[in-house]
Amino acid sequence: MGNILIVSATNDKNLVLAKDFQSILLDLSFSAEVISLEDLSFPLFSSEAIVDENHLQTLLSKIKDSDGFIFCAPEYNGGVPPVLSNAITWITVKSQNWREVFNRKFALIGTYSGGDGHRFINAFRSQLEYLGTNVLARTVSVNKNKPLDNESVVRILQELINIIK
C-alpha cells in the first residue's frame, strides 16, 4: 500500500482542508499523515540563513518516503504562498538528489482561498511538474462560498489511491 503525505502550507483553513482529506482517506481505509509548514518555521532561504536541521530532515524524510502528496495552500497575490515556495527551496537545496525527492510521484493540489485559487493551482502545478511530480488533472478548490464537495473528493482521492497502490 502507498504512503500519502498531506502538506498544509498554513495553520488555518488549509490545515482544516488537509485534515478533511485525511479523514476521507481514513474512511477509504487508507492512512495519510498531515504536516503543516508553518509549524516547521523555516527561515526565508538565503545562502547565509541557518535552518533547523531537525525540522528540515523531518520534512525531507517524510516527502522522500511518500509515494504521493496532497498539497493544501491558499492563493497569495495570484500565486504560490511564500511558505510553500520557501520550503521547497530548502528541500531542493539541502537534499543530495532533489529530483529523487519529487520525481515519479503523484500529487493532488487543493486550496482554500478567498477566490477560486486557480492561479495558485496553475502556478504550483507548473512548479511540481518541473520537479518531476505527476500532478492529477483534477484539483480541489474551496472557499467560503464553495464548501468541500465530499462526493467529488472521494472520487478524486480514490483515483490517487489507485495510482499509487
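Below or above, wherever it landed, is the structure these notes cover. Here the structure is a predicted model, which means the values were calculated and not measured.

1. Examining the overall build of the protein
Of regular secondary structure, the protein possesses seven helices and six strands. Secondary structure elements in the protein, listed N-terminal to C-terminal, are β-α-β-α-α-β-α-α-β-α-β-β-α. Taking 165 residues into account, the globule formula puts the C-alpha radius of gyration at 15 Å, and the protein, at 15 Å, falls close to it. The 165 residues of the protein split such that 47% are buried.

2. Looking at unusual backbone geometry
Even without glycine at this site, S29 takes up a positive phi of about 60°. Residue placement: S29 occurs in the loop between helix 1 (13–27) and strand 2 (32–36). The exposure class assigned to S29 is exposed, which follows from its relative accessible area of 59%.

3. Some points on helix 4 (residues 82–94)
Residues separated by three or four positions in an α-helix point in the same direction, a consequence of the helix having 3.6 residues per turn. In this model, helix 4 (13 residues) spans 18 Å end to end at C-alpha, consistent with the 18 Å of a helix rising 1.5 Å per residue. Among the residues of helix 4, L84, N86, A87, I88, W90, I91 and T92 are the ones counted as buried. Check the buried side of helix 4 and you find it contacts helix 2 (37–40), helix 3 (53–64), strand 3 (68–72), helix 5 (98–102) and helix 6 (118–130).

4. Quick notes on the pattern of salt bridges
Pairing between side chains of opposite charge can happen when the charged atoms of each approach one another. Throughout the structure, instances matching the rule amount to three salt bridges. Close ionic contact of K62 with E33 constitutes a salt bridge, the shortest N to O distance being 2.6 Å. On the criterion of sequence distance, the pair formed by K62 in helix 3 and E33 in strand 2 is long-range, its members being 29 residues apart. For E33, a relative accessible area of 35% puts it in the partly exposed group. For the salt bridge of E53 with K94, the shortest nitrogen-to-oxygen distance reads 3.7 Å. With a gap of 41 residues between them, E53 in helix 3 and K94 in helix 4 connect regions that are remote in the sequence.

5. Overview of the side chain of T133
Mapped onto the fold, T133 is located in the loop between helix 6 and strand 5 (134–135). Take T133: its relative accessible area is 3%, and that puts it in the buried class. Polar side-chain contacts of T133 include one of 3.1 Å to the backbone oxygen of F102. Here T133 is in contact with F69, F102, K105, F106, A107 and L128, once residues within four sequence places are set aside.

6. Observations regarding the pairing of strand 2
Strand direction decides the pairing type here: strand 1 (residues 4–8) and strand 2, joined by five bridges, are parallel. Bridged to L5 within strand 2 is E33. For the crossover that starts at strand 1, traverses helix 1 and ends in the parallel strand 2, the hand is right-handed.

7. What about the nonpolar core?
Counting 31 residues, the largest nonpolar core has L59, L84 and F124 as the members making the most contacts within it. Contributing elements (two or more residues each) for this core: strand 1, helix 2, helix 3, strand 3, helix 4, helix 5, strand 4 (106–112) and helix 6. The element best represented in this core is helix 4, accounting for five residues. Non-local contacts of F124, meaning those with residues more than four positions away in its chain, are made with F71, V80, L84, I88 and I109.

So, how was this worked out
- Residues numbered from 1 in each chain as written.
- Predicted model: local features only at pLDDT ≥ 70, side-chain atom pairs only at ≥ 80, totals over all residues.
- Heavy atoms only, no water.
- Helix = DSSP H or I, 4+ residues; strand = E, 2+ residues; numbered from the N terminus.
- Rg over C-alpha atoms; globule rule 2.2 N^0.38 Å.
- Buried < 20%, exposed > 50% of the residue type's maximum accessible area, 1.4 Å probe, protein only.
- Expected span 1.5 Å × (residues − 1).
- Contact = heavy atoms within 4.5 Å.
- Salt bridge = Lys/Arg side-chain N within 4 Å of Asp/Glu carboxyl O.
- Polar contact = N/O pair within 3.5 Å; in protein donor to acceptor, adjacent residues only side chain to side chain.
- Pairing = 2+ DSSP bridges.
- Right-handed = clockwise from strand over helix to strand, strands pointing away.
- Core = buried A, V, L, I, M, F, W, Y, C linked by side-chain atoms within 4.5 Å.

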